[in-house]
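Commentary on secondary and tertiary structure
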Amino acid sequence: MSEVSVTFEPERVSIEALAHLGEGHIAYVKQVRSEDVPGLFPQAPKIAPGLKLFALHAADGTPIMLTDSREAAVANAWSNELQAVSVH
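The present account deals with the structure reproduced in this document. (Residues numbered from 1 in each chain as written. Predicted model: local features only at pLDDT ≥ 70, side-chain atom pairs only at ≥ 80, totals over all residues. Heavy atoms only, no water.)

Some points on the overall build of the protein
- If you tally the helices and strands in the protein, you get three helices and four strands.
- Moving toward the C terminus, one meets the helices and strands of the protein in the order α-β-α-β-β-α-β.
- In the protein, which comprises 88 residues, the proportion classed as buried is 23%.
- Residue pairs at least 24 apart in sequence account for 46% of intrachain contacts in the protein once pairs closer than 6 positions are excluded.
- Only carbon and sulfur atoms are counted for the fraction: they give 56% of the accessible area of the protein, which is about 6,300 Å². (Helix = DSSP H or I, 4+ residues; strand = E, 2+ residues; numbered from the N terminus. Buried < 20%, exposed > 50% of the residue type's maximum accessible area, 1.4 Å probe, protein only. Contact = heavy atoms within 4.5 Å. Areas by Shrake-Rupley, 256 points an atom, 1.4 Å probe, with all protein chains shown as cover.)

Looking at helix α3 (residues 70-79)
- Among the residues making up α3, those that are buried are A73, V74 and A77. Each buried residue of α3 lies within a common arc of 95° when the element is viewed along its axis, so the set occupies one face. Those residues of α3 that are exposed and aimed more than 90 degrees away from the buried face are E71 and S79.
- Close packing links the buried residues of α3 with β1 (26-33), β2 (52-58), β3 (63-67) and β4 (83-87).
- Of the residues flanking the end of α3, it is E81, one or two places downstream, whose phi is positive at about 55°. (Arc of directions from axis to C-beta.)

Concerning the pairing of β2
- Along β2, five of the seven residues are buried, which leaves the element largely enclosed by surrounding structure.
- Strand direction decides the pairing type here: β2 and β3, joined by four bridges, are antiparallel. Along β3, the bridge assignment pairs F54 with T67.
- Counted along the chain from β2 to the antiparallel partner β3, the turn is four residues long, and its residue G61 has a positive phi close to 100°. (Pairing = 2+ DSSP bridges.)

Remarks on the side chain of S34
- Looking at the element boundaries, S34 is found in the loop between β1 and α2 (37-40).
- On the accessibility criterion, S34 (3% relative accessible area) is buried.
- The residues touching S34, leaving out its near neighbours within four places in the chain, are I47, A48, P49, G50, L51 and L53.

What about the nonpolar core?
- If you look at the biggest cluster of nonpolar residues, it comprises 10 residues: A27, V29, F54, L56, M65, A73, V74, A77, L82 and A84.
- Counting residues per element, the ones that place at least two in this core are β1, β2 and α3.
- Broken down by element, this core gets its largest block of residues, three residues, from α3.
- If near-sequence neighbours (up to four positions away) are discounted, A84 is found in contact with A27, V29, V74, A77 and W78.
- Listed in part, the five residues of the second largest apolar core include V37, F41, L53 and A55. (Core = buried A, V, L, I, M, F, W, Y, C linked by side-chain atoms within 4.5 Å.)

These figures capture arrangement, not role.
Next comes the structure, spelled out in structure tokens:
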């Protein structure tokens, strides 16, 4: 897997352009706490507090999946022909 680094100059990117950036091509992986799951995935079963999980989101922020490993989130992105990027 290759890492891609992109720097944006916010004053040069419109809100509309930013909203569509990577649509259908890029997904991002973000570490989340189990306490945040109900807000991201309302249909998810109750999860014990204090767990570190990983959420895969579409470029527009739509949650795609939740897992307990970053590797599984990246693999899911690849299986859906999406380039995974990390968000810190």
